Amino acid sequence: MKKSGLFSSEFLETNGETAQPAAKETALEIVTRLEKTRAGKAIESPKSGRTPSRVQIPLWSEDHRPVLHDLVRSALFTCGQRDARMDLKAKPIYALEHIKITYTGEELRQRDYDVYLQILHLSRGTTVDSRQEWVEFEARSLIKMLGWTQNSRSLLELRETIRRLTACALEVTRARTKTSAPLVYGGPLLLKYAGAQEGGFDEVTFWKVQINTEVAAQLRPGDYTRIDWQVRTQLSPLEKWLHAFYSTNQRPYPMKVETIHKLCGSRMAEIKFFRRAMKAALDRLIEVGFLASWHIDDMDKVKVVRSQMVTAEDRRGIDSTGDQA
C-alpha cells in the first residue's frame with residue numbers, strides 16, 4: 001500500500017505493526033489510536049531518561065529567613081541604592097577566596113534579595129523537583145511582609161524585581177576544603193513567572209513564580225543560616241549586607257576595611273568615606289542587638305563580636321544546622 005502524504009508514519013503504525021488502510025478508520029478512531037501510542041511512549045520514556053531530582057526545602061520559623069552562605073559572602077547582592085544599576089555580562093563577582101561567582105544580568109541589590117528571601121520563605125517545608133510547582137502570592141501581601149509602602153510604585157518595583165531575578169544567569173563554584181572537588185551550580189534565581197493584573201497596566205496584583213531548585217538545593221545544614229527577618233527589615237542596604245554576612249559566622253574573623261568595601265559591592269570611590277559609612281552601620285547593628293561590639297585595629301581590620309543572646313528558636317537552629325543567626 002502506498003502511504004498517504006497526509007499522515008505521518010506515527011499515525012499509520014501502532015506498536016511497530018502496519019496499520020489498516022486509513023479508509024477503514026474514522027478520524028476519531030485515528031486520533032484515539034495515536035493518543036494510545038503516545039501514552040505508551042510516555043510510560044516507557046522515564047526508563048531511559050533521568051529521574052527528576054527532588055529537593056526538600058528546609059523548615060524555619062515565621063520570624064526567620066534563610067541566607068545561603070555562598071551568596072551573602074560575596075558582592076552578588078550589592079549595597080547600592082541610588083546609582084544606576086550596572087548591566088553585567090559574565091562578570092566575576094568579588095567573593096571570599098573559596099567561592100567563585102560569575103553573573104550575567106542587571107545588577108542585584110539588597111531589596112532584590114529581600115524579595116527572593118520572601119519567596120523562599122513561602123516555599124519552606126515543601127518538596128519540589130525539576131518539574132517544579134508554582135509559589136503563589138498576592139502582591140500586596142508580599143509588599144506588606146517586605147515593609148514597603150502600599151502603592152502603585154511598590155507594585156511596579158516588585159514586578160521589575162521578579163523580572164531581574166528571572167532574567168539573570170548565575171554560576172557558583174565552591175569547594176568545601178582545599179582538597180575536595182569543587183561544586184558548581186547556577187542558573188537564574190527564578191525560573192519563570194506569571195501574573196494577573198488589575199487597574200493600571202503595570203499593576204500586577206497576583207503572582208506565581210518558580211524558584212530554581214539547583215540553587216534551593218544548596219540550603220543544606222552548614223551551608224545556610226537563618227537570619228532574624230524583623231531585624232533585617234529595619235536596616236539600610238549596607239546594614240543588611242553586614243547583618244547577613246556576619247550572621248554566617250558566630251565568631252567572625254577580622255577583615256580589612258578594603259576587603260569589606262569590595263565584598264559589599266560599594267561604589268564609594270574613596271575608602272575613607274566608606275569607612276565612615278561602615279562605622280555608622282556597625283553602630284546600628286549594636287543598636288538592634290545583633291552585635292555586642294566592634295572596633296578597627298591598627299592594621300585597618302574590622303573586628304566584631306556577635307551578641308550572645310540566643311533564643312529557644314535559635315538553639316533549635318544551632319542543633320539542626322550548626323549555624324545560628
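Please refer to the structure higher up on the page.
For every chain, the first residue of its written sequence is number 1, and the numbers climb from 1 along that sequence. At least 70 in pLDDT is required for a residue's local features to be given in this predicted model, at least 80 for side-chain atom pairs to be given and counted, and no such filter applies to totals for whole chains, interfaces and linings, which use all residues. Water and hydrogen atoms were dropped before computing side-chain values, which therefore reflect all heavy atoms in the structure.

Participant: What's the story with the layout of surface pockets in this structure? I'm lost.
Facilitator: One simple way to see leftover space: roll a probe sized like a water molecule over the atoms. In this analysis, the protein atoms alone were mapped onto a 1 Å grid. Cavities are point sets where a 1.4 Å probe fits without being able to get out; pockets are open sets with protein on both sides within 12 Å along at least five of seven lines; lining residues have an atom within 4 Å of a point. Grid points are joined across faces, edges and corners, and a volume is the space filled by probe spheres set on the points. Empty space within the largest pocket amounts to approximately 350 Å³. Lining the largest pocket are 15 residues, with Cys-79, Gly-80, Gln-81, Arg-82 and Met-268 positioned closest to its centre. Secondary structure is summarised from DSSP: a helix means a run of H or I of at least four residues, a strand means a run of E of at least two, and numbering begins at the N terminus for each. If you list the elements that add at least two residues to the lining of the largest pocket, you get helix H9 (237-247) and helix H11 (271-287). Sorting elements by how many residues they give to the lining of the largest pocket places H9 first, with 3 residues. A per-class count over the lining of the largest pocket returns 6 nonpolar, 5 polar and 4 charged. Think of it as three bins: nonpolar holds Ala, Val, Leu, Ile, Met, Phe, Trp, Tyr, Cys and Pro, charged holds Asp, Glu, Lys and Arg, and polar takes everything else, Gly as well.

Participant: Is there a simple way to explain empty space enclosed by the protein in this structure?
Facilitator: Counting across every chain of the model gives 2 cavities of 30 Å³ or more. As a volume, the largest cavity reaches approximately 50 Å³. In terms of lining, the largest cavity is formed by Pro-66, Leu-68, Leu-71, Tyr-113, Tyr-116, Leu-120, Val-215, Ala-216 and Leu-219. Contributing elements (two or more residues each) for the lining of the largest cavity: strand E4 (64-68), helix H4 (110-122) and helix H7 (213-216). At 3 residues, H4 tops the list of elements feeding residues into the lining of the largest cavity. Its residues placed into classes, the lining of the largest cavity shows 9 nonpolar, no polar and no charged. Taken as a whole, the second largest cavity encloses approximately 30 Å³ of empty space.

Participant: For this particular structure, what's the right way to read the sheet that holds strand E6 (residues 87-93)?
Facilitator: The strands that make up a sheet are held in pairs by hydrogen bonds between backbone atoms, and each pair lies either parallel or antiparallel. Note: two strands are recorded as paired if DSSP finds a minimum of 2 bridges between them. Reading across from one edge, E6-E7-E11-E12 is the order of the 4 strands in this open sheet, with antiparallel pairing throughout. The open sheet has two edge strands, E6 and strand E12 (183-187), and neither has a second partner. This sheet shows a mean twist of 5° between the axes of neighbouring strands, independent of strand direction. Helix axes are fitted only over the stretch in contact, all axes being lines through C-alpha atoms; the angle between N-to-C directions runs from 0 to 180 degrees.

Participant: Before we go on, may I ask you to explain the pattern of salt bridges in this structure?
Facilitator: For side chains bearing opposite charge, pairing can occur when the charged atoms are close. Here a salt bridge means any side-chain nitrogen of Lys or Arg lying within 4 Å of a carboxyl oxygen belonging to Asp or Glu. Evaluated as defined, the whole model comprises 17 salt bridges. Residues Arg-174 and Asp-223 are paired through a salt bridge, measuring 3.9 Å at the closest nitrogen-oxygen approach. Taken together, the positions of Arg-174 in strand E11 (residues 169-174) and Asp-223 in the loop between H7 and strand E15 (224-228) put the pair 49 residues apart, joining distant regions of the chain. You'll find Arg-174 and Asp-223 in the same group, each marked buried. Think of it in three bands: with a 1.4 Å probe and only protein chains considered, a residue is buried below 20% of the maximum accessible area for its type, exposed above 50%, and partly exposed in between.

Participant: Explanation requested: the packing of helix H5 (residues 139-146) against helix H6 (residues 152-167) in the structure shown.
Facilitator: Close contact between H5 and H6 brings their axes to 10 Å; oriented N to C, the two are set at 95°. Judged by the inter-axis angle, H5 sits roughly perpendicular to H6. On the side of H5, the interface is formed by Ala-139, Arg-140, Leu-142 and Ile-143, while H6 contributes Ser-154, Leu-155 and Leu-158. For the contact of H5 with H6, the per-class residue count stands at 5 nonpolar, 1 polar and 1 charged. An angle below 35 degrees is treated as roughly parallel, one above 145 as roughly antiparallel, one from 65 to 115 as roughly perpendicular, and anything else as oblique. Any two residues whose heavy atoms approach within 4.5 Å at even a single point are treated as in contact.

Participant: Just to check I follow, could you spell out the sheet that holds strand E18 (residues 301-306) for this structure?
Facilitator: In spatial order, the strands read E16-E18-E17; together these 3 strands make up an open sheet with antiparallel pairing. If you trace the sheet from one side to the other, it starts and ends with strand E16 (255-256) and strand E17 (291-296), each paired once. Where E17 and E18 come together, 5 bridges link them in antiparallel fashion. Bridging from a neighbouring strand, Ile-296 pairs with Val-302 of E18. H11 contacts E17 and E18 of the sheet and is inclined by roughly 160° relative to E17.

Participant: Help me understand the state of the cysteines, please; the structure alone is not making it clear to me.
Facilitator: To count as a disulfide, a pair of cysteine sulfur atoms needs to be within 2.5 Å. Throughout the structure, instances matching the rule amount to 0 disulfides. Counting only cysteine sulfurs, Cys-264 is the nearest neighbor of Cys-79, a cysteine outside any disulfide, at a range of 3.7 Å. Relative accessible area serves as the criterion here: at 13%, Cys-79 is assigned to the buried category. Residue classification places Cys-264 among the buried positions, given a relative accessible area of 0%.

Participant: What am I meant to see in the packing of aromatic side chains here?
Facilitator: Any two aromatic rings considered together are summarised by their centre-to-centre distance and by the angle between their planes. Only the six-membered ring of Trp is used, alongside the rings of Phe and Tyr, when aromatic pairs are assigned; centres must lie within 6.5 Å, and planes under 30 degrees apart are stacked while those over 60 apart are edge-to-face, with the rest tilted. This structure, assessed with the given rule, holds 4 aromatic pairs. Ring centres 5.7 Å apart and planes at 70° place the aromatic pair Tyr-193 and Trp-207 in the edge-to-face group. Here Tyr-193 is found in strand E13 (residues 190-197), whereas its partner Trp-207 is found in strand E14 (residues 204-211), with 14 residues between them in sequence. Since its relative accessible area comes to 35%, Tyr-193 is described here as partly exposed. Judged by its relative accessible area of 2%, Trp-207 is buried. Through a chain of ring-to-ring contacts, three or more aromatic side chains come together here, namely Trp-241, Phe-245 and Tyr-246.

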